[in-house]
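Fold and contact review
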Amino acid sequence: MSNRPTGRSTGRPGPGRARLALALAALLGGGVLTALPAQAAPAAADGLSVQYRTSAGGATADQTEPWLKVRNTGSSPVQLSQVKVRYYFKADSPSDTYRFACSWAVRGCSVVTGTFGTLGNPTATADRYLEIGFTPAASTLAPGADTGDLQLRFHRANWQTLRQSDDYSFNGAQTSYANWDKVTAQLAGATVWGAAPEGNDPTDPTDPTDPTDPPGGGQSLFDDFDYSSHTDPAISAHGWNVRANSGGPGVPGATWDPSKVTFVSAGGNSVMNLETSTAGTGASTTHTEVLTRATKFRNGTYAARVKFSDAPKSGPDGDHLVQTFFTINDLKAPMADDYAEYDFEYLPNGGWGEPANILYTTSWETYNPEPWQAVNQHSEQRRSYAGWHDLVVTIDDSAITYYVDGQHFGTHDAQYLPERPMSINFNQWLIDLNGQTSTAPRAYDQQVDYVLHVKDQVLTPAQVAAKVAGYRNAGTGFVDEVPAT
């Protein structure tokens, strides 16, 4: 949530929460479906080759790690958004689903997509494939150039050990890059490299489309938060910043501790856990925040599944805690009219003059930090929201609309619409140390299952759920198609 005071539109001023400028965030969009511009057809002389190596060469592994390079062997530039590369494998059981991730890529993991499909003619070594593609932001590949490393991986959704020694495209002995014709490459729908398992030409018009491929629509950001730790290089590669810099909001003297952002399993999914702790002093207080580095999100749909907590996981209860999901940009000057912020803020123990748990949604036009003056509109519900909740906010040219668990929570007026793009943020922090006087250590958790942004499309909560299910069923753990501003 926001790092400043939360004065409310009723004219009731909120207590001061000084905000320092932070790195900003990225993700989501909603509204009417818009078509992407068509790419020009490639020249007839165009061609591709694919090099392969593995980073996990055992017969069995926790995850398969096909690393690839795609080279333009033709005489004209190739639009990478027209390129599809397939890696073929045999599922470990007929009911298995798989999750894809990009660990690192020279061109950035944000331009790399991964989806799973089922072969129409299964063989002894392949009944599935991982199809690698590129978003329009990947741009072009010049003649003779290659993409550089695409360090890719996939695993069973339940994280059970998989067998890769019987996979068509796997070669455990290939630990340095070399041409590999057991992966295929298509350019604008035509196969230009490799050989598929017998009877499964990817350009055959009868080749089935996997019904679990990610849904189409607006340019999207989706992250399933499938990371190993706060130091996982994929976090930065995917555009996130785990905050370590000092400053507001919250208790003076507190620190923002990246090591308190962890990733755990819950309900079969990897979830991000933000821990906030204190022993009753500023020096003993740690806050947590994760935000996008890019400020490229404006109109559309934003959604996240968040677990709020009413009680600490250890120690005495009662602190004035704030648990959040929000979008924001920077205040360039007091009362600047191009400021924007849209918050979900849950206070399990009250605060800002509230005696007990309350959930706020707030849309900001602007504010003056000193003396405090706020221009915003809010909605609230005074009850417990402990547990998992689906949070959705949509922004179009007429209003800002908030939903909680599929139910309308509040609609805010057009005067609060954003003039500039924003980042996407999650944080958990203490307003003050007035909720209780204990010096016993205590710690609180907030968890995040996924985040989604769909640019310039207003989705219903049901459409959000379907889009998230589509990504997960396709094994897509991360995608960022939202262009930089």
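An account of the accompanying structure is given in this report. Everything numeric in this text was worked out from a predicted model, so none of it was measured.

A word on the sheet that holds strand S12 (residues 178-179)
- Spatial strand order, S6-S10-S3-S1-S12: five strands in an open sheet with antiparallel pairing. Edge strands, defined here as strands with exactly one partner in the open sheet, are strand S6 (98-105) and S12.
- Pairing analysis gives seven bridges linking S6 to strand S10 (residues 150-156), with the strands arranged antiparallel. Its bridge partner lying in S10, Arg 99 is registered against His 155.

Re empty space enclosed by the protein
- Using the criterion set out here, one finds four cavities of 30 Å³ or more in the structure.
- Size it by volume and the largest cavity reaches roughly 50 Å³.
- Along the walls of the largest cavity sit Phe 100, Ala 101, Arg 153, Asp 223, Asp 226, Tyr 227, Ala 234, His 238, Gly 477 and Phe 478, which together make up its complete lining.
- Its residues placed into classes, the lining of the largest cavity shows five nonpolar, two polar and three charged.

A closer look at the pairing of strand S7 (residues 112-118)
- Across the seven residues of S7, six count as buried, placing the element largely inside the fold.
- Sheet analysis places S7 next to strand S8 (residues 128-134), joined by seven bridges and oriented antiparallel. Paired with Gly 117 across the bridge in S8 is Tyr 129.

A word on the sheet that holds strand S5 (residues 83-89)
- Taken together, the five strands give an open sheet; going across it, the order is S7-S8-S5-S13-S14, and neighbouring strands pair in antiparallel fashion. Edge positions in the sheet fall to S7 and strand S14 (190-193), since each has one partner strand and no second. Between one strand and the next, the sheet's axes are offset by a mean angle of 30°, whatever the strand orientation.
- Where strand S13 (residues 183-187) meets S14, three bridges bridge the pair, whose relative direction is antiparallel. Within S14, the position partnered with Ala 185 by the bridge is Trp 193.

Side note on the state of the cysteines
- The final tally for this structure, using the stated rule, is one disulfide.
- Between the sulfur of Cys 102 and that of Cys 109 lies a disulfide, 2.1 Å long from S to S. As the torsion about the S-S bond is roughly -70°, the Cys 102-Cys 109 disulfide counts as left-handed. Note on accessibility: Cys 102 and Cys 109 belong to one class, buried.

With respect to the pattern of salt bridges
- The tally for this structure, following the rule as stated, stands at 19 salt bridges.
- The partner of Asp 330 in a salt bridge is Arg 420, with the nearest N and O atoms 3.1 Å apart. Of this pair, Asp 330 sits in the loop between strand S22 (321-328) and strand S23 (341-347) while Arg 420 sits in the loop between strand S28 (407-412) and strand S29 (423-430), and the two are 90 residues apart along the sequence.
- Overall, the relative accessible area of 18% leaves Arg 420 in the buried class.
- With a shortest N-O distance of 2.9 Å, Arg 420 and Asp 338 are connected by a salt bridge. One end of the pair, Arg 420, is in the loop between S28 and S29; the other, Asp 338, is in the loop between S22 and S23, with 82 residues separating them in the sequence. Across the pair, Asp 338 and Arg 420 agree in class, each one buried.
- Within this structure, Arg 99, Asp 224, Asp 449 and Arg 472 form a network of salt bridges that share partners.

About the thresholds
- Residues numbered from 1 in each chain as written.
- Predicted model: local features only at pLDDT ≥ 70, side-chain atom pairs only at ≥ 80, totals over all residues.
- Heavy atoms only, no water.
- Pairing = 2+ DSSP bridges.
- Helix = DSSP H or I, 4+ residues; strand = E, 2+ residues; numbered from the N terminus.
- 1 Å grid on protein atoms, 1.4 Å probe; cavity = no way out; pocket = protein on both sides within 12 Å on 5 of 7 lines; lining within 4 Å.
- Points joined across faces, edges and corners; volume = space filled by probe spheres on them.
- Nonpolar A, V, L, I, M, F, W, Y, C, P; charged D, E, K, R; others polar.
- Buried < 20%, exposed > 50% of the residue type's maximum accessible area, 1.4 Å probe, protein only.
- Axes fitted to C-alpha atoms, helices over the stretch in contact; angles between N-to-C directions.
- Disulfide = S-S within 2.5 Å.
- Salt bridge = Lys/Arg side-chain N within 4 Å of Asp/Glu carboxyl O.

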